[in-house]
Protein chains: 2
Amino acid sequence: MSDERRLTPRGQERRDQIIAFATARFASHGYHPTSVADIVDGLGVGKGVFYWYFDSKETLFSEILRSAQTDLRRRQLAASASVEDPVARLGAALRESVAWSAEHRELATLFDFALTDERFAPLIQAGRAALVDDAATAIRRAARTGRLGADDPELAAYAIFGVATILTAEFLHRRDGDPDAIADAVVTFCLRGIGAATPPRPVE
Amino acid sequence: MSDERRLTPRGQERRDQIIAFATARFASHGYHPTSVADIVDGLGVGKGVFYWYFDSKETLFSEILRSAQTDLRRRQLAASASVEDPVARLGAALRESVAWSAEHRELATLFDFALTDERFAPLIQAGRAALVDDAATAIRRAARTGRLGADDPELAAYAIFGVATILTAEFLHRRDGDPDAIADAVVTFCLRGIGAATPPRPVE
DNA sequence: GGAGAACTTGACCGATCGGTCAATTGGTGG
DNA sequence: CCACCAATTGACCGATCGGTCAAGTTCTCC
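Residues numbered from 1 in each chain as written. Chains lettered and ligands numbered in written order. Predicted model: local features only at pLDDT ≥ 70, side-chain atom pairs only at ≥ 80, totals over all residues. Heavy atoms only, no water.

Draft legend 1. Seen up close, the domain arrangement of chain A. Residues and elements named next belong to chain A. Splitting chain A by domain gives domain 1 (9-55) and domain 2 (59-193). Contacts between the two partners involve 13 residues from domain 1 and, on the opposite side, 13 residues from domain 2. For the pairing of domain 1 and domain 2, the buried interface totals around 1000 Å² over both sides, and the portion due to carbon and sulfur atoms is 75%. Contact with domain 2 buries surface across domain 1, with Thr-23, Ala-27 and Tyr-31 losing the most and accounting together for 45% of the total. The interface formed by domain 1 and domain 2 includes one salt bridge. For the pair domain 1 and domain 2, the number of links is one residue pair in polar contact (both at pLDDT 80 or more). (Domains from an automatic or database assignment. Contact = heavy atoms within 4.5 Å. Buried area = accessible area lost by both parts, 1.4 Å probe. Salt bridge = Lys/Arg side-chain N within 4 Å of Asp/Glu carboxyl O. Polar contact = N/O pair within 3.5 Å; in protein donor to acceptor, adjacent residues only side chain to side chain.)

This is the structure in structure tokens:
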């Protein structure tokens, strides 16, 4: 039920099971159309199991969103932290986020839905703001060192986010394209968009 | 009920009323949480009224989506058809779509949700494809006449769509920014993104 | 082996859902 | 004034929703 409960390893496993199954159902059928009964039936357990691990369907969904966002941000930071040049760093972060999206196809749909529900939207916006802020910082640094348009860095950062989002959704998830090629396209378009020179080729 | 029914002027009015009210509720509370009972209660009419004009909640929503999309496309074409230069034409279309979004704040949320429901997603994707195709055509023409990166025009068109979508959502709808300034930012970023020269200033 | 915590069961609850329909009312043309 | 159709009413339907809970089972540790 409540926030923290001592879980045995078996309990942890069950909890993870629920999260995994619910995530898949939410993504494929939608949040509202997926009932708690669907989830427990799909897992072959009684309804009480669900409420032993989660307060409500709503808190489960929030937790899914939250952990997905922190996971993405962590990976993005890990991939770009060591890169010195701000433009290259931005490119690395972008490539990593495309790679992450390729590994978590379902989550984009969840994010989309969450944005349309007033209970979940603030969560998504906050997570998004964190990512955007990282990008904006890189752009600001690039503007100071090299030369870049004097555009609003935050606005440019959002634009970049938008490009990554839609190209990922359309070409990666819907058309099953090659993640590397898509990442290239995202980086090319965005670096040009902020007025940076043609992208330094991927480092690997 | 069914598809076509002779409607008196009074009937047309009622139908429009339902569409307007339902659109607002769907946008502010979400599709699923808005019940047919909510809609008819909000309008102060009996439940039968709803089913006199619409087959189901689902068809009503589909109609809202469809007419919104055709309206946007029509306006975009009207605003850009007369512009000869492909790059300028692209800019005009982008500006018009930002203006349209400013007049229809609610609809973005509806589109977002629709994308997450397998019943509605194809509708949105088709409408989106039409808009993207217009942009891709302009890009292709520009690439032939002037010089532009040899990037995939369709991919670039989707990227442009993504930029317009997110900047509109964040700066126009959420932060209530100035539509013209936002349109400028969209155009600047996107034209640079496709490798076109700094934008020709707005014509007005 | 026993006590207590972790875990599981599934019947049950009140509320609400989308949708139906027989009966009624309003308006209009003949 | 009547006939007819558009429009409206609201009680009603079966299904399903998120959530509860008393009871039972399994695990762990002393």
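Draft legend 2. Region of the structure containing the relation of the copies chain A and chain B. After a rotation of 180 degrees and a shift along the axis of 0.0 Å, chain A superposes on chain B with an RMSD of 0.0 Å. Within this description, the copies of the chain are treated as partners about a two-fold rotation axis. Taking the C-alpha atom as reference, chain A places Gly-193 of chain A closest to the rotation axis, 2.1 Å from it. The share of interface residues of chain A whose copies in chain B are also at the interface is 100%, consistent with both copies meeting through the same surface. (Least-squares fit on C-alpha atoms with pLDDT ≥ 70 in both.)

Draft legend 3. Examining unusual backbone geometry more closely. In the Ramachandran plot, Asp-176 of chain A falls in the positive-phi region, its phi being about 60 degrees despite a non-glycine side chain. You can see Asp-176 of chain A is positioned in the loop between α8 (153-174) and α9 (179-193). (Helix = DSSP H or I, 4+ residues; strand = E, 2+ residues; numbered from the N terminus.)

Draft legend 4. Region of interest: the packing of helix α7 (residues 121-145) of chain B against helix α8 (residues 153-174) of chain B. Residues and elements named next belong to chain B. Where α7 contacts α8, the two axes come as close as 8 Å, and the packing angle between them is 120 degrees. What the angle tells us is that α7 and α8 run oblique. Our pair here, α7 against α8, has a crossing hand that is right-handed. Residues Arg-128, Ala-129, Leu-131, Val-132, Ala-135, Ala-136, Ile-139 and Arg-140 of α7 lie in contact with α8, whose contacting residues are Pro-153, Glu-154, Ala-156, Ala-157, Tyr-158, Ile-160 and Phe-161. For the contact of α7 with α8, the per-class residue count stands at twelve nonpolar, no polar and three charged. (Axes fitted to C-alpha atoms, helices over the stretch in contact; angles between N-to-C directions. Parallel < 35°, antiparallel > 145°, perpendicular 65-115°, else oblique. Left-handed = near helix turned anticlockwise from the far one by under 90°. Nonpolar A, V, L, I, M, F, W, Y, C, P; charged D, E, K, R; others polar.)

Draft legend 5. Structural context of the interface of chain A and chain B. Facing 34 residues of chain A, the contacting portion of chain B comprises 34 residues. Of the roughly 3100 Å² buried between chain A and chain B, counting both surfaces, carbon and sulfur atoms make up 67%. Among the residues chain A hides against chain B, the three largest losses belong to Ile-166, Phe-189 and Arg-192 of chain A. Together they make up 21% of the total. Linking chain A to chain B there are four salt bridges. A salt bridge links Arg-175 of chain A to Glu-154 of chain B; its shortest N-O distance comes to 2.6 Å. Here chain A is connected to chain B by ten residue pairs in polar contact (both at pLDDT 80 or more). Of the residues assigned to the side of chain A that touches chain B, the class counts are 16 nonpolar, nine polar and nine charged.

Draft legend 6. Molecular detail of the protein's contact with DNA strand D. Residues in close proximity to DNA strand D total 22 residues, the closest being Lys-47 and Lys-57 of chain A together with Thr-8, Gly-46 and Gly-48 of chain B. A breakdown of the atoms of DNA strand D within 4 Å of the protein gives sugar and phosphate a share of 65%. Contacts to DNA strand D include Gly-46 of chain B, whose backbone N or O atom sits 2.5 Å from a phosphate oxygen. If you list the elements that add at least two residues to the surface near DNA strand D, you get α3 (47-53) of chain A together with α1 (9-29) and α3 (47-53) of chain B. The element contributing the most residues to the surface near DNA strand D is α3 of chain B, with five residues. For the surface near DNA strand D, the class distribution of residues is seven nonpolar, eight polar and seven charged. (Near = heavy atom within 4 Å.)

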